[in-house]
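A look at the structure
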Amino acid sequence: MTNDSEAATSANTPCPDVDWDARAASFDEEPDHGLRDPGVRRAWSGRLRGWLPGRAGDVLDLGCGTGSLSLLASEQGHRVTGVDLSPAMVTLAREKLAGRDAVFLVGDAAAPPIGELRFDVVLVRHVLWALPDPGRALRHWAGLLRPGGRLVLVEGVWGTADPVGIPAERLIALLDPIAGQVRVERLSGDPLLWGGEVADERYAVVAVTG
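Residues numbered from 1 in each chain as written. Predicted model: local features only at pLDDT ≥ 70, side-chain atom pairs only at ≥ 80, totals over all residues. Heavy atoms only, no water.

Describing the overall build of the protein
- Scanning the protein from N- to C-terminus turns up nine helices and eight strands.
- Scaling as 2.2 N^0.38, a compact globule of 210 residues should have a C-alpha radius of gyration of about 17 Å, and the protein matches this with 15 Å.
- Taking the principal axes of the C-alpha coordinates as reference, the protein spans close to 40 × 40 × 35 Å.
- Here the protein, with 210 residues, has 54% of them falling under the buried criterion.
- For the protein, restricting intrachain contacts to residue pairs at least 6 apart in sequence, the fraction spanning at least 24 positions comes to 66%.
- For the protein, the computed accessible surface area is about 9,000 Å², with 51% contributed by carbon and sulfur atoms. (Helix = DSSP H or I, 4+ residues; strand = E, 2+ residues; numbered from the N terminus. Rg over C-alpha atoms; globule rule 2.2 N^0.38 Å. Buried < 20%, exposed > 50% of the residue type's maximum accessible area, 1.4 Å probe, protein only. Contact = heavy atoms within 4.5 Å. Areas by Shrake-Rupley, 256 points an atom, 1.4 Å probe, with all protein chains shown as cover.)

As structure tokens, then:
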């Protein structure tokens, strides 16, 4: 089970003292970060296949870290653009997806440096909860989607004594003025995703805009 600091990706975090460049080399050691265990990898691949469109599309992976989800999306035929605040993370992601139809940029997940590009999917895992204004970020991300595009948001609430995160109910409320369709998948009960049993709240929201 990951601790609170490990729940955040390197793109924007309420822990400004965390040196994500220094942690990049060991980032993939967490089961759900590196997806090195075949069972964990299959579990995430299966979930991602259900969240992303069936046809090939353009996926924007915000807070991409070392690119593990980007790699799964690429393997499923999608074109990927990843953004992370840590140059070291971006370097590892580029190495991980070398030779694939993928581009990785150093930048802020809340305001990614993608110019006028638009996407079929904005994929964000364990980032939104750490942003100072999640509602504003969601509105901006929705504006990066093509008509009928979708937000795929993997979030949760971590810890018991001093929990951090964003409850599913709050995220759904933030999406209400943005998305036409919202689907929630509870993920806490699937230990293969995390490399073991977890007791906290973990979920994914798939929101189709428009």
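Here's the deal with the confidence of the model for the protein
- Scored by pLDDT, the protein has a mean of 91; 92% of the residues are at 70 or more.
- This model gives residues 1–14 a pLDDT under 50, and the stretch forms 52 contacts once residues within four places in sequence are excluded. (pLDDT = per-residue confidence, 0-100.)

Here's the deal with the packing of aromatic side chains
- Under the defined criterion, the tally for this structure stands at four aromatic pairs.
- When the ring of W44 is compared with that of W51, the centres are 6.3 Å apart and the planes differ by 75°; the resulting orientation is edge-to-face.
- Its relative accessible area of 0% is what places W44 among the buried residues.
- Geometrically, the ring pair formed by W44 and W194 is edge-to-face, given 5.4 Å between the ring centres and 85° between the ring planes. Note that W44 is positioned in helix α4 (residues 38–51) and W194 in helix α9 (residues 191–194), a separation of 150 residues in sequence. An identical accessibility class is assigned to W44 and W194; each is buried. (Phe/Tyr/Trp six-rings, centres within 6.5 Å; stacked < 30°, edge-to-face > 60°.)

Examining unusual backbone geometry
- If you check the backbone angles, L35 has positive phi at about 55° while not being a glycine.
- Within the fold, L35 resides in the loop between α3 (31–34) and α4.
- Residue H126 is not a glycine yet carries a positive backbone phi of 55°.

Observations regarding helix α7 (residues 134–142)
- Within α7, the full set of buried residues consists of P134, G135, A137, L138, W141 and A142. Down the axis of α7, the buried side of the element spans an arc of 160°, and every buried residue falls inside it. Relative to its buried face, α7 has exposed residues pointing more than 90 degrees away, namely R136 and R139.
- As for α7, its buried residues are in contact with β1 (58–62), β4 (119–125), β5 (145–158), α8 (168–175) and β8 (201–209). (Arc of directions from axis to C-beta.)

Structural notes on the environment of A22
- Positionally, A22 belongs in helix α2 (residues 20–27).
- In this structure the C-alpha to C-alpha distance between A22 and A88, which are 66 residues apart in sequence, comes to 7.9 Å.

A few points about the pattern of salt bridges
- Going through the model one piece at a time under the given rule, you end up with 12 salt bridges.
- In this structure, R47 and E185 form a salt bridge, with 2.7 Å as the shortest nitrogen-oxygen distance. Of this pair, R47 sits in helix α4 while E185 is found in strand β7 (residues 179–186), placing the two residues 138 residues apart along the sequence. (Salt bridge = Lys/Arg side-chain N within 4 Å of Asp/Glu carboxyl O.)

Topic: the packing of α7 against α8
- The geometry of α7 relative to α8 is characterised by a closest axis approach of 10 Å and an angle of 50° between their N-to-C directions. The angle between α7 and α8 falls in the class oblique. Once α7 is placed against α8, the crossing between them reads as right-handed. Contact residues: P134, G135 and L138 in α7; R170, L171, L174 and L175 in α8. (Axes fitted to C-alpha atoms, helices over the stretch in contact; angles between N-to-C directions. Parallel < 35°, antiparallel > 145°, perpendicular 65-115°, else oblique. Left-handed = near helix turned anticlockwise from the far one by under 90°.)

Structural notes on the side chain of S86
- When you line up the elements, S86 lands in the loop between β2 (79–84) and α6 (87–96).
- For S86, the side chain forms a polar contact with the side chain of D21, separated by 2.5 Å.
- A distance of 3.1 Å separates a polar atom in the side chain of S86 from the backbone nitrogen of M89. (Polar contact = N/O pair within 3.5 Å; in protein donor to acceptor, adjacent residues only side chain to side chain.)

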